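# Working through the structure, step by step
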Amino acid sequence: MIPELIAVATLLATGIPVVYAFAPGARGSRVAGEAFLIGAGLATIILLLLSHVGIRWSAVALLVPLGVVALASLLFARRGTRTASVADAFQGSPAIATAIDAATAGVFILYVTFATLTNPWDWDFWAIWGLKAKTFFAARGIDWEFLGERWNEFAHGEYPPLLPLVFDVPALFRGAWSDRWTAIVSVAFSAAALLVVRRHVLDDTRDRRVAALATFAATGAALAGWVGLADVAFLAFATASVLSLRRSMRDGDSAASGAMLLGFAALTKNEGVALLAIVTLATLLTAKSDRLQRVLSLWPAFAIAATWQIPRIAYGLKSDLFLGEASSRFTVSRFVEAAQRVAAEPPHHPYFWVVVAVCVVFGARWLREEAFLASIVVLQFLSTLVVYAVTANDIAWQVSLSWRRVSDHPALLALVLAVVVLVRWSRSATRTS
Amino acid sequence: MTPAPARLALTWLLLVGLAVGAFETLYLQMLRAHGRDGIRTALASMTDEPGYAAFLREVENRTEEGATIVILTPRPWGRGAYEYVYYRAVYLVDGRTILPALWIGNEPLFDNVRKADYIAAWGMPVTAPSHERVWSGAGGGLYRRIGIPQ
């Protein structure tokens, strides 16, 4: 377990100066959450680049560039325009918030116990994410021959590589591949998602109790049990990036950190590539000013996504979702069938979604202020339906296989949206009465 | 308009509702019902059919680094039957090239069987004049193509 813990600590330590340099508004637990995510993303980029230029992976080959990036960011952060944030004057009893946080910590410990009882057991771990990590580690680089081999189609060579590459970080420290404690890396992504949600809700509502309750509610998706799968990492990157971009749009801050996180989401799952398009569209539709400039400020996301998409295309790894084959399967009737199947299949935590809907109904007046966030949640659902509509498999089978897991992807963004508009609705009565 | 105290109460009720609705009871239920050892055994059995991992360890131990091994088993392709045996071998057997003998639609891949250095047969005996048995046990057998250097 020690190499896994060292790996998590290293990625966290690398990310902290980067967050301070590129996310001047980040405070408190958001710094820790984003720092781990950015550290994981940077490690991925470095391993990818090492592989592209033919340098064999090693702990030193990874750590030296990570250290250089961290030091450079430290210098940049000192010269940067980090402004003093609003004083941390929060309302709500700290004792109640601490009690709720203790309950969240209890759920987290329970989850860690469950996740680390044995080797990751999910088929998708050992047939996709873990298999590629193990194969790349053995080759000390991206094994393009393995990815392109016809008989390895099941491993989805075309899938973005962030999670396998992050799994390889502790293996490089250990000098050997081990399944046993890989779950520690999954758990770190879950923790990052919780930390990010907590601080964004706190910054928005200024109420410790609300932030603590929202964090507890976030455990439903962040600790969902998909141990060793890319869904948890994607959830963390997607949530952190969209919330960071939302903040930068509202406060006029730099979008660099959010754009980086968005790019890392696109390096994690194909849903991240879809999210890139969704965020671009949402920015165009909802930015109040400088729309084009806002969209252009997303360039780091596209550049990061390109570090995988360009070589993937060059090596002929086809993702049928983005090619003609899939679009030719799209028909209105298949889209309607996908929607019907999804409606008939309960999502993960259905009561949570019912309460989210009720909160949004009460806070509907404030949805205009949250148009960016709301449109992304809606577009994420629509893109999921489109993916089901164009699947090469039977739609009913595909929905039954994945909907519970996929329904978690927008859950934390929907949670923040629901909490923020609900609290505004509540406070509007206080102001008017 | 809803009075402020009522709104406040409703807000807290909904916030608690979000937390309760999202609470994952699965881990607590499993730990209470089965204990850590019970869950560990259950999860491990989800991953590996009894004996299969041990069989693959023997296959790895008795073949050379870089060898090509084709996987035979009397199961059809579909919904995790043949695929499980094949994919699991790809994951667990290091440093060897693992090939399938069956493909989507139950298409037999005779070429793979012909060109492989070894046949690893799980749950079935193999009788082939072109191959000699290297080892059997743990629910399967390993067969070497005659003529390949040992």
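Presented here is an overview of the structure given in this document. (Residues numbered from 1 in each chain as written. Chains lettered and ligands numbered in written order. Predicted model: local features only at pLDDT ≥ 70, side-chain atom pairs only at ≥ 80, totals over all residues. Heavy atoms only, no water.)

Assigned secondary structure in chain A consists of 20 helices and 0 strands. At 21 Å, chain A has a C-alpha radius of gyration in line with the 22 Å of a compact globule built from 433 residues. Here the C-alpha coordinates of chain A stretch approximately 70 × 55 × 45 Å along the principal axes. Split into buried and exposed, the 433 residues of chain A put 59% on the buried side. (Helix = DSSP H or I, 4+ residues; strand = E, 2+ residues; numbered from the N terminus. Rg over C-alpha atoms; globule rule 2.2 N^0.38 Å. Buried < 20%, exposed > 50% of the residue type's maximum accessible area, 1.4 Å probe, protein only.)

We now examine the overall build of chain B. Scanning chain B from N- to C-terminus turns up 5 helices and 7 strands. Going from N to C terminus, chain B has its helices and strands arranged as α-α-α-β-α-β-β-β-α-β-β-β. Compactness check: chain B gives a C-alpha radius of gyration of 25 Å against a globular reference of 15 Å for 150 residues, more than 25% above the reference. When the backbone C-alpha atoms are referred to their principal axes, chain B occupies close to 90 × 35 × 25 Å. The 150 residues of chain B split such that 45% are buried. Long-range pairs, those at least 24 residues apart, make up 58% of the contacts in chain B between residues at least 6 apart in sequence. In the structure as shown, chain B presents an accessible area of about 7,600 Å², 58% of it carried by carbon and sulfur atoms. (Contact = heavy atoms within 4.5 Å. Areas by Shrake-Rupley, 256 points an atom, 1.4 Å probe, with all protein chains shown as cover.)

Orientation of helix α4 (residues 94–115) of chain A relative to helix α2 (residues 26–47) of chain B, taken along the N-to-C sense of each, is 25°, at an axis distance of 10 Å. As the angle between them shows, α4(A) and α2(B) are arranged roughly parallel. Of the two possible hands of crossing, α4(A) and α2(B) adopt the one that is left-handed. On the side of α4(A), the interface is formed by Leu110(A), Tyr111(A), Thr113(A) and Phe114(A), while α2(B) contributes Tyr27(B), Leu28(B), Met30(B), Leu31(B), Arg36(B), Ile39(B) and Leu43(B). Here the residues of the contact of α4(A) with α2(B) sort into 9 nonpolar, 1 polar and 1 charged. (Axes fitted to C-alpha atoms, helices over the stretch in contact; angles between N-to-C directions. Parallel < 35°, antiparallel > 145°, perpendicular 65-115°, else oblique. Left-handed = near helix turned anticlockwise from the far one by under 90°. Nonpolar A, V, L, I, M, F, W, Y, C, P; charged D, E, K, R; others polar.)

Glancing now at the pattern of salt bridges. Side chains carrying opposite charge are able to pair once their charged atoms draw close together. Enumeration according to the criterion identifies 28 salt bridges over all chains in this entry. Between Glu107(B) and Arg150(A) there is a salt bridge whose closest N-O contact spans 4.0 Å. Of this pair, Glu107(B) sits in strand β4 (residues 107–108) while Arg150(A) is found in the loop between α6 (144–148) and α7 (162–174), placing the two residues in two different chains. Overall, Glu107(B) belongs to the partly exposed group, its relative accessible area being 35%. Residue class for Arg150(A) comes out partly exposed when judged on its relative accessible area of 39%. A salt bridge links Arg250(A) to Asp251(A); the shortest N-O distance between them is 3.7 Å. A relative accessible area of 42% places Asp251(A) in the partly exposed class. (Salt bridge = Lys/Arg side-chain N within 4 Å of Asp/Glu carboxyl O.)

Using the criterion set out here, one finds 34 aromatic pairs over all chains in the structure. The cationic tip of Arg140(A) hangs over the ring face of Phe137(A); the distance from NZ or CZ to the ring centre is 3.9 Å. Over the ring of Trp126(A) we find Arg88(B), and its NZ or CZ is 4.7 Å from the ring centre. (Phe/Tyr/Trp six-rings, centres within 6.5 Å; stacked < 30°, edge-to-face > 60°. Lys NZ or Arg CZ within 6 Å of the ring centre and 35° of its normal.)

This next bit is on the layout of surface pockets. What the second largest pocket holds in volume is close to 690 Å³. Around the second largest pocket, the lining comprises 25 residues; the ones closest to its centre are Thr135(A), Asp143(A), Phe146(A), Gly95(B) and Arg96(B). When contributions to the lining of the second largest pocket are tallied by element, the ones reaching two or more residues are α5 (123–139) and α6 of chain A together with α4 (82–92) and β2 (97–100) of chain B. Partitioning the lining of the second largest pocket into residue classes produces 13 nonpolar, 5 polar and 7 charged. (1 Å grid on protein atoms, 1.4 Å probe; cavity = no way out; pocket = protein on both sides within 12 Å on 5 of 7 lines; lining within 4 Å. Points joined across faces, edges and corners; volume = space filled by probe spheres on them.)

Function-wise, these values are silent; they only describe arrangement.
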